[in-house]
Amino acid sequence: MLSSDAFWLRVCDRGAADGYRAVGRLTKGSFYVQRQAAGGSGSCVGGAQDGVTGGWLDAPITGTYTLTICLRDGAGGMDFNCDSTSFYHDGSS
């Protein structure tokens with residue numbers, strides 16, 4: 001998500017509670033942030049709405065980012081059904 005002055009990652013777990021969690025990772029060079037949402041019913045984590053400020057980029061940085069989304073079987077399980085996309089951001093807000 002891009003706000004006027006920061007990047008932050010918000011991940012939601014939709015559907016019924018099933019023991020799986022949604023895992024999202026945003027990377028750019030050495031910058032890395034991961035969020036996990038569990039519990040189903042649209043539960044979300046990350047971003048200003050939840051007061052999660054760790055891992056923010058203070059300002060949008062020009063360059064290519066990779067966003068990866070996976071399912072995970074429980075807190076310590078393996079990630080599966082992952083999909084990634086890369087995108088370029090020109091640094092504007």
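Structural data are supplied above this passage.
Quantities reported herein were computed from a predicted structural model and do not represent experimental measurements. Every chain's residues receive numbers from 1 upward, in the order its sequence appears when written. It should be noted that, the model being predicted, local features are given only for residues of pLDDT at least 70 and side-chain atom pairs only at 80 or more, the latter also being counted only at that level, while totals for whole chains, interfaces and linings use all residues. The basis for the side-chain values is all heavy atoms of the structure; hydrogens and waters are excluded.

### Considerations on the environment of Cys44
The helix count covers DSSP runs of H or I at least four residues long, the strand count covers runs of E at least two residues long, and both are numbered beginning at the N terminus. By the element assignment, Cys44 lies in strand S4 (residues 43-45). Each C-alpha atom of the pair Cys44 and Arg14 lies 8.6 Å from the other, and the pair is 30 residues apart in sequence.

### Observations regarding the environment of Thr64
By secondary structure assignment, the location of Thr64 is in strand S5 (residues 63-73). Burial classes: relative accessible area under 20% of the type maximum marks a residue as buried, over 50% as exposed, and values in between as partly exposed (1.4 Å probe, protein chains only). Taking the relative accessible area as the measure of exposure, Thr64 reaches 46% and is therefore partly exposed. Here the alpha-carbon distance between Thr64 and Gly29, two residues 35 residues apart in the chain, equals 8.7 Å. Residues are treated as being in contact if the distance between any of their heavy atoms lies within 4.5 Å. Excluding its chain neighbours within four sequence positions, the residues that come into contact with Thr64 are Thr27, Lys28, Ser86, Phe87 and Tyr88.

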